[in-house]
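# Secondary and tertiary structure notes
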Amino acid sequence: MKRARWIVSLAALVVLAGGVAATTRSAPQPGGRFITDEQGRTLILRGFNTASSAKGAPDALPELTKADIDREYRDMGTNFVRFLIMWRAVEPQPGTYDTKYLDKVAEWVRWYGERGYHVMLDMHQDVWGSGVTPAGTAGNGAPTWATYLDGLPVDTDQPTWEMLYLEPGVIRAFDNFWNTTGEHPELMDHYAKAWKAVAARFKDDPAVLGYDLMNEPWGGSVQGPQFETGPLATLYRTTISEIRSVDSDSWIFLEPQAVGVNWGLPSALPYVDDPRSGPPRIAYAPHLYPLPLDLGDDYTAGSKDWTDRTLGWWRDNVLRTADRLDAPVLLGEFGLDMTRPGASDLVDRVVRLSERAGAGVAYWSRDPWSWGPYDESGTATPLVGVYARPYPRAIGGVPVDIRSEARSLTVTFDANGTGPTEIYLPAAGFPDGGRASEGEATWDAARRVLTVRTKTSGRVTLTITPA
Ligand SMILES: CN(C)c1ccc(C(=O)NC[C@H]2N[C@H](CO)[C@@H](O)[C@@H]2O)cc1
C-alpha cells in the first residue's frame, strides 16, 4: 500500500503543479506526420528497449549477443531498437569523450543494421546517476563529476526505487543540472555537447534513425508545465542546436516529463524548432505505464475498465501534444509483468492503439525477465505470441489506417511513389507467407517479409491474407 500512497500523492503533486487534468475530448489525429526512411517511406517501428542491463554494466553496454538479436527477429520480426547509452560512458571526464565506448556502441549498431533494424540511441537515466549514493547502488546515467548533492542526504532504504527521486540529495542533483540552483550553468551545456559527440560519431550511420535526448526527465523541485516549458525545453533547444551543428538529418526524439504523463496526464512540452533545412525531424516519444497497473493491479475486471479509461486519456493527450509539436509519435516504453493475469490483453491493446495512431512502439524491455519476451531461463513468455503480429515495416505513402489481426492486415495509405510497402508476416497465421489484395507481391521467406509494389499515387487499401 505504501507504493500506492506514494504514487497517488505524486500524481496529485503533478496535477497541482500542472493545474491541469486529463480530458477525454476527441483529440486530433496526427496531421500526416510520420517518421520516414531515407527513401521517404513511412516507417512503422516495432521493437524493444535494449537493455536495462546496460544501466549498471561497467562498460555501459547491454548483456546480449548477436544470437539474441537473431532470435528476436526470428520470433517477432522486429525492425527497431531503443538502444540505451550512458552519459557517464560518453563523457567520463568533463570535455573528454570516450571514443572506444562509441566504437563498441557502433559495433552493436552494425549488428542491428545488418539485420535491417533502425536504431534510436537513448541517453538513459534513472534517478540521475550512480553518484547519488557512495555505493553507486541507486541511479544510472549521469557521470559522478556532474553529480552535485551539496551534502544533502539520499536514504536508499525505500520501499520502491521510484521514491529515491524524492530524496533531498537527488532533488538537488537535478536542481543543479537544470541550474534551478543557479550554481551550475555548465552542466546542461556539457550534456548538449556530449550529444554533439555522439551525433558526430553516428551522423552517417545508415542504421541510426536518431537520438532520444533524455530518458524520463525529472524536474527536481520544478515540476509540470514550469519544468517542461522551462529548463526541459531549454535543454532540448540547446541540444538540438549542438546536434544539428554536426548532423542535419537524424531524427531527434523528445520525451515529456515522466511523472503524470506516463499515466495519461497531459504534457505541457512546447513546440521546439528544428533548424535543419527541409522538413523538421523532431518526434515526440512519450512512455506509457497505466497508473492502475503501476499501483499493482492487473489488467482484469474493474481495473481493466479503469486502465482502458486512462489509455484513452493517454492517447488523446499524446496526439494533442504531437499536434502542438507538429511531430510524429513513437511510444518509447511500455511493458508489464507478463506472468500477471491480463498482461497479453494489455500488450495487444497498446499495440493496436499505436497502430491506429501511426506510432512506433518499443517495449520495455529486452532483458531476460518476467516482463520480457524471454525469461531468465530463456523460455519464451506470452509476450512473444502477442508481439509477433503482421505489421507494415515501411509504407510507400502516408498511412490513413492500419489494422492487424492474427491472420490479416489492412493498410490504407495515400501512395506517394517513395517505394514499395514491406510487410512482416509472423509464421503463426501466415505459415506460407501472404497474399496481397492489390499490386505485385514478392515473398522473402527467410525474413518473412512480403514486399508489395502498388500504384504510386492515390488511395491504396492493401489487405494481406495468408498464402
Ligand atoms: C518519480 N519519477 C520521476 C518516476 C517514477 C516512476 C517512473 C517509472 O515507473 N518509469 C517506468 C519505467 N521506465 C524506466 C526506464 O526508463 C523503468 O526503470 C521503469 O520501470 C519514472 C520516473
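Bear in mind the structure is a predicted one, so any value in this text is a computation, not a measurement.

## Brief notes about the UniProt feature "domain: Glycoside hydrolase family 5 C-terminal" (unreviewed entry) in the protein
Here the UniProt feature "domain: Glycoside hydrolase family 5 C-terminal" (unreviewed entry) sits at residues 389–464. Counting secondary structure, residues 389–464 comes out at 0% helix and 61% strand; the distance between its end C-alpha atoms is 12 Å.

## Some points on the pattern of salt bridges
Per the stated rule, a full pass over the model turns up 33 salt bridges. Close ionic contact of Arg41 with Asp37 constitutes a salt bridge, the shortest N to O distance being 2.9 Å. In this structure, a network of salt bridges that share partners links the residues Asp70, Glu107, Arg110, Glu114 and Arg115.

## A short note on the pairing of strand S10 (residues 391–395)
Along any regular strand, the residues point their side chains to alternate faces of the sheet. Of all five residues that make up S10, five are buried, and the element is covered over most of its length. Across two bridges, the pairing between strand S1 (residues 42–43) and S10 is antiparallel. Paired with Thr42 across the two strands is Ile395, which belongs to S10. Here S10 runs beside strand S13 (residues 421–424); their pairing, made up of three bridges, is antiparallel. Bridge pairing in S13 places Ala394 opposite Glu422.

## As for the packing of aromatic side chains
Going through the model one piece at a time under the given rule, you end up with 26 aromatic pairs. Put simply, the rings of Trp87, Trp128, Trp145, Trp161, Tyr165, Phe174, Phe177, Trp178, Tyr191, Trp218 and Phe227 pair up and form one aromatic cluster. The side chain of Arg46 reaches across the aromatic face of Tyr391, ending 4.7 Å from its centre. Directly above the aromatic system of Phe202 lies the positively charged group of Arg201, at a separation of 5.5 Å from the ring centroid.

## Here we look at unusual backbone geometry
With an omega of -10°, the peptide bond running from Thr50 to Ala51 counts as cis. Following the sequence through the fold, Ala51 ends up in the loop between strand S2 (46–50) and helix H2 (66–76). Here the bond from Trp364 into Ser365 is cis, since omega is 10°, no more than 30 degrees from zero. Even without being glycine, Ala301 reaches a positive phi, approximately 45°. Examined against the element boundaries, Ala301 turns out to sit in helix H9 (residues 301–325).

## Examining the sheet that holds strand S12 (residues 408–415)
Strands pair in a sheet through their backbones, by hydrogen bonds, and they do so in one of two ways: parallel or antiparallel. Taken in spatial order, the four strands of this open sheet run S11-S12-S17-S14, and their pairing is antiparallel. Edge positions in the open sheet fall to strand S11 (397–405) and strand S14 (434–436), since each of these has one partner strand only. Direction aside, neighbouring strands of the sheet carry axes that sit 15° apart on average. Of the pairings in the sheet, the one linking S14 to strand S17 (residues 458–466) comprises three bridges and is antiparallel in character. Paired with Gly434 across the two strands is Pro466, which belongs to S17.

## Let's talk about helix H10 (residues 343–357)
With 15 residues, H10 should cover 21 Å at 1.5 Å per step; its first-to-last C-alpha distance of 21 Å lies within 8% of that length. Residues Ala343, Leu346, Val347, Val350, Val351, Leu353, Ser354, Glu355 and Ala357 constitute the buried set of H10. Directly after H10, the chain includes Gly358, whose backbone phi takes a positive value near 70°.

## Section: the site of the ligand
Near the ligand there are 16 residues, and of these Lys55, His124, Asn215, Glu216 and Glu333 occur at the shortest range. The separation between an oxygen atom of the ligand and a polar side-chain atom of Glu333 is 2.5 Å. For the ligand, the accessible surface in isolation is 510 Å², of which the surrounding protein chains cover 92%.

## Things to note about the domain arrangement of the protein
Here the protein is described as being made up of domain 1 (7–388) and domain 2 (392–467). Of note, the centres of domain 1 and domain 2, computed from C-alpha atoms alone, are 29 Å apart. Between domain 1 and domain 2, the residue contacts involve 20 residues of the former and 22 residues of the latter. Of the roughly 1700 Å² buried at the junction of domain 1 and domain 2 (both faces included), carbon and sulfur atoms supply 44%. Summed over the three residues of domain 1 that lose the most area to domain 2, namely Arg41, Tyr73 and Glu355, the buried surface amounts to 33% of that side. The partner of Glu422 in a salt bridge is Arg41, with the nearest N and O atoms 3.2 Å apart. Our count for the domain 1 to domain 2 interface comes out at 12 residue pairs in polar contact (both at pLDDT 80 or more). Mapped onto the side of domain 1 that touches domain 2, the elements with two or more residues apiece are S1, H2 and H10. When residues in the side of domain 1 that touches domain 2 are grouped by element, the largest group, four residues, is from H2. For the side of domain 1 that touches domain 2, the residue count by class is six nonpolar, eight polar and six charged.

Procedures and definitions
Residues numbered from 1 in each chain as written. Predicted model: local features only at pLDDT ≥ 70, side-chain atom pairs only at ≥ 80, totals over all residues. Heavy atoms only, no water. UniProt positions renumbered as here; feature names shortened; annotations may be inferred. Helix = DSSP H or I, 4+ residues; strand = E, 2+ residues; numbered from the N terminus. Salt bridge = Lys/Arg side-chain N within 4 Å of Asp/Glu carboxyl O. Buried < 20%, exposed > 50% of the residue type's maximum accessible area, 1.4 Å probe, protein only. Pairing = 2+ DSSP bridges. Phe/Tyr/Trp six-rings, centres within 6.5 Å; stacked < 30°, edge-to-face > 60°. Lys NZ or Arg CZ within 6 Å of the ring centre and 35° of its normal. Axes fitted to C-alpha atoms, helices over the stretch in contact; angles between N-to-C directions. Expected span 1.5 Å × (residues − 1). Near = heavy atom within 4 Å. Polar contact = N/O pair within 3.5 Å; in protein donor to acceptor, adjacent residues only side chain to side chain. Areas by Shrake-Rupley, 256 points an atom, 1.4 Å probe, with all protein chains shown as cover. Domains from an automatic or database assignment. Contact = heavy atoms within 4.5 Å. Buried area = accessible area lost by both parts, 1.4 Å probe. Nonpolar A, V, L, I, M, F, W, Y, C, P; charged D, E, K, R; others polar.

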